[in-house]
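# Geometric and topological summary
The residues making up each chain are set out below.
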Amino acid sequence: FENFDAMGQPRPTDNGKPVDTTSEYSFADGIKSFSGAPELMKLMADEAQVHGSYASHIAEFALARDVDEIDRPFVQGLQQASMATSSSIKQIVLSIIDSPAFKTRGTP
């Protein structure tokens, strides 16, 4: 977002120098280059690693506990749902609410 000023307006320069929004990120399947936030978001949308992290965090929030190893198949299912183009956040949350992990809680 470096190419936006404090008011959210695009800016080609900062202190008289051109703004460079190109970078690279090391995903699970290798380093990928991008130029600006829209390209980065597009790369992230196609990465299983990103969807897995998202699914894990939303499950932790909804379950009000850390996700355990026993939850791995459940979280992988959420990850696959997240990657599906027709899936929405609402559908993912409803899947969590409908799961045994949400309906029951183990004793400490």
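Residues numbered from 1 in each chain as written. Predicted model: local features only at pLDDT ≥ 70, side-chain atom pairs only at ≥ 80, totals over all residues. Heavy atoms only, no water.

Helix and strand counts for the chain come out as five helices and four strands. Tracing the chain from N to C terminus, the helices and strands come up as β-β-β-β-α-α-α-α-α. Relative to its length of 108 residues, the chain is extended, with a C-alpha radius of gyration of 19 Å against a globular reference of 13 Å. Summarising the internal contacts of the chain: among those between residues at least 6 apart in sequence, 29% fall at separations of at least 24. Carbon and sulfur atoms make up 57% of the accessible area of the chain, which totals about 8,000 Å². Positive and negative side-chain charges in the chain, numbering 9 and 15 respectively, have mean positions lying 6 Å apart. (Helix = DSSP H or I, 4+ residues; strand = E, 2+ residues; numbered from the N terminus. Rg over C-alpha atoms; globule rule 2.2 N^0.38 Å. Contact = heavy atoms within 4.5 Å. Areas by Shrake-Rupley, 256 points an atom, 1.4 Å probe, with all protein chains shown as cover. Lys, Arg positive; Asp, Glu negative; His and termini not counted. Charge placed at Lys NZ, Arg CZ, Asp CG, Glu CD.)

On to the nonpolar core, then. Membership of the largest hydrophobic core is limited to eight residues, which are Ala55, Ile58, Ala59, Leu63, Val75, Leu78, Ile92 and Ile96. Elements supplying a minimum of two residues to this core: helix 2 (48–63), helix 3 (72–83) and helix 4 (89–97). Broken down by element, this core gets its largest block of residues, four residues, from helix 2. In this structure Ala59 touches Val67, Val75, Leu78 and Ile96, once residues within four positions along its chain are discounted. (Core = buried A, V, L, I, M, F, W, Y, C linked by side-chain atoms within 4.5 Å. Buried < 20%, exposed > 50% of the residue type's maximum accessible area, 1.4 Å probe, protein only.)

For the rest of this paragraph, the subject is the packing of helix 3 against helix 4. Running from amino to carboxyl end, helix 3 crosses helix 4 at an angle of 160 degrees, the nearest separation of the two axes being 10 Å. One way to sum up the angle between helix 3 and helix 4 is to call them roughly antiparallel. Crossing angle aside, the handedness with which helix 3 passes helix 4 is right-handed. On helix 4, the residues that touch Phe74, Leu78, Ala81 and Ser82 of helix 3 are Ile92, Ser95 and Ile96. Across the contact of helix 3 with helix 4, the residue classes tally to five nonpolar, two polar and no charged. (Axes fitted to C-alpha atoms, helices over the stretch in contact; angles between N-to-C directions. Parallel < 35°, antiparallel > 145°, perpendicular 65-115°, else oblique. Left-handed = near helix turned anticlockwise from the far one by under 90°. Nonpolar A, V, L, I, M, F, W, Y, C, P; charged D, E, K, R; others polar.)

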